[in-house]
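So you can see what is in the structure, the chains are spelled out below.
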Amino acid sequence: MILTDLTLAEADRSGLRLTADAAIVLDGDRIAWAGPRAELAQDGETRSLGGRLVTPGLIDCHTHLVFGGDRAQEFDMRLNGAGYEEIARAGGGILSTVRATRGASDDELLAAALTRADHLIREGVTTLEIKSGYGLDVGTELRMLRAARAVGRERQVRVVTTWLAAHALPPEYKDDRAAYLDEVVIAGMDAAHAEGLIDAVDGFCEGIAFSVDEMARVFDHAAGLGLPVKLHAEQLSDLGGTAMAARHGAISADHLEWLGQDGIDAMAAAGTVAVMLPGAFYTLRETKLPPIADLRAAGVPMALATDCNPGTSPLTSLLLTMNMGATLFRMTPAECLAGVTAHAATALGLADRGRIAPGMLADLAVWDCAHPAELSYRIGFNPLHARILGGDLD
């Protein structure tokens, strides 16, 4: 199949690349060729895209899409003055979702996750990362990952799964942190890995969660299993988690509002992607901006993701996330596009998507707009015309 009459749009750290009057040659589920139509050197079945814009399929590289219940009441609490840590220490926050998730059936978890995934798919998402982290016991964490994998079977979307048992400390282990790490985080990691459910290992490194030393222990075990690591870090304070993660070869460090220069330098040296999560910044009404200019100056690739979760980022729009990245964090439209394509792929350790080039997966998004800046500029508007997943047009 040859796609013609289109404008190609890609972005990475080198900036935005537009190719007008372009063509893309598809060979099964891969891209065989892409470039100016005048340089097309082969014949075949063609399909005109009517002059539309084509980008790589969008990638949401940080979500907590599988969970039970909601936390609308906490939203009300925050608007009445309660802070993130106050809610968490009172038994709300993550732990309230843990109770709801443990109490939900497998079918209920999957049905709710599919509804959320559908919103992302309708905006051109072709790859979706989903974390565990709301079970905090081995059985429920495994159920979450099975539900996440089921999303990829039930919908036309590629799903990457991440082990996040080191998300919070459940009440039954409040007096024995070491036992929780041994009996749930590490033992559960082994069980999930044996079942083929883990693509990466994550954790929450904060004063209300796990220390740098605790996360280093988790990462050491992940390395022994050959699993890549990533980290929620420097969201509420600068504990040095990002630098530790980078020393462990982390593929990404996420949030990063309080990231200092030492962490930036460590990320640059390790090739760790900075994943910006403006939905959480917005929902929590934070004022400490992540160091975008310093990350840019250091050459650290920046991705964008929804961080879809029930408490701090109830967001199921990657297009709105791009607008937030531009408006709140002052990322350029080219950086926003790179952040949900090429850099998002790198943040997941995936080298076969996020770009339009020979050998890449034929995962594309076709847009009813003239310039990719519109994807970041508009608010509450979805210009998606079609998705192409593995060469198949929706």
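Scoring rules and cut-offs
Residues numbered from 1 in each chain as written. Predicted model: local features only at pLDDT ≥ 70, side-chain atom pairs only at ≥ 80, totals over all residues. Heavy atoms only, no water. Pairing = 2+ DSSP bridges. Helix = DSSP H or I, 4+ residues; strand = E, 2+ residues; numbered from the N terminus. Axes fitted to C-alpha atoms, helices over the stretch in contact; angles between N-to-C directions. Contact = heavy atoms within 4.5 Å. Buried < 20%, exposed > 50% of the residue type's maximum accessible area, 1.4 Å probe, protein only. Polar contact = N/O pair within 3.5 Å; in protein donor to acceptor, adjacent residues only side chain to side chain. Parallel < 35°, antiparallel > 145°, perpendicular 65-115°, else oblique. Left-handed = near helix turned anticlockwise from the far one by under 90°. Nonpolar A, V, L, I, M, F, W, Y, C, P; charged D, E, K, R; others polar. UniProt positions renumbered as here; feature names shortened; annotations may be inferred.

1. Focus on the sheet that holds strand E6 (residues 125–131)
Moving on, step 1. Spatial ordering of the open sheet is given by E5-E6-E7-E8-E9-E10-E11-E12, a layout of 8 strands whose pairing is parallel. Here the strands that pair on one side only, and so sit at the sheet edges, are strand E5 (58–60) and strand E12 (302–304). Taken over all neighbouring pairs, the strand axes of this sheet differ in orientation by 25° on average, direction set aside.
Moving on, step 2. With 3 bridges connecting them, strand E10 (residues 252–255) and strand E11 (residues 273–276) associate as parallel partners. Within E11, the residue paired with Ala253 across the bridge is Ala274.
Moving on, step 3. In this fold helix H6 (residues 177–194) packs onto strand E7 (158–166) and strand E8 (200–205), with an angle of close to 160° to the strand it touches most, E7.

2. Looking at the environment of Asp238
Moving on, step 1. Of note, Asp238 is situated in the loop between strand E9 (230–233) and helix H8 (241–247).
Moving on, step 2. A residue is classified by how much of its surface remains accessible, and Asp238, at 43% relative accessible area, is partly exposed.
Moving on, step 3. Through-space distance from the C-alpha of Asp238 to that of Glu257 is 8.6 Å; in sequence the pair is 19 residues apart.
Moving on, step 4. Residues within four places of Asp238 in sequence aside, it is in contact with Trp258, Leu259 and Gly260.
Moving on, step 5. A polar contact is formed between the side chain of Asp238 and the backbone nitrogen of Gly240, at a distance of 3.3 Å.
Moving on, step 6. A distance of 3.5 Å separates a polar side-chain atom of Asp238 from the backbone nitrogen of Gly260.

3. Quick notes on the packing of helix H5 (residues 138–154) against H6
Moving on, step 1. In contact at an axis separation of 9 Å, H5 and H6 are set at 45° when each is read in the N-to-C sense. When the axes of H5 and H6 are compared, the pair comes out oblique. Along this stretch, H5 crosses H6, giving a crossing that reads as right-handed. The residues of H6 that touch H5, namely those facing Val138, Leu142 and Leu145, are Glu183, Val184, Gly188, Ala191 and Ala192.
Moving on, step 2. Its residues assigned to classes, the contact of H5 with H6 shows 6 nonpolar, 1 polar and 1 charged.

4. As for the pairing of strand E3 (residues 30–36)
Moving on, step 1. Alignment of strand E2 (residues 15–27) against E3, held across 6 bridges, turns out to be antiparallel. By the bridge assignment for E3, Asp27 is matched with Arg30.
Moving on, step 2. Two successive antiparallel strands, E2 and E3, enclose a turn made up of 2 residues, where Gly28 displays a positive phi of approximately 65°.

5. Remarks on the UniProt feature "binding site: Zn(2+)" (unreviewed entry) in the chain
Moving on, step 1. Using the residue numbers shown here, the UniProt feature "binding site: Zn(2+)" (unreviewed entry) corresponds to His62, His64, His232 and Asp307. A compact arrangement is adopted by the annotated residues: their sequence extent is 246 residues, whereas the largest C-alpha distance between any two is 12.3 Å.
Moving on, step 2. With respect to the helices and strands, His62 occurs in the loop between E5 and helix H1 (72–79).
Moving on, step 3. For His62, a relative accessible area of 0% translates into the label buried.
Moving on, step 4. Other than its neighbours up to four places away in sequence, His62 contacts Glu129, Lys131, His232, Asp254, Val275, Leu277, Ala305, Thr306, Asp307 and Cys308.
Moving on, step 5. Position of His232 relative to the elements: it lies in strand E9.

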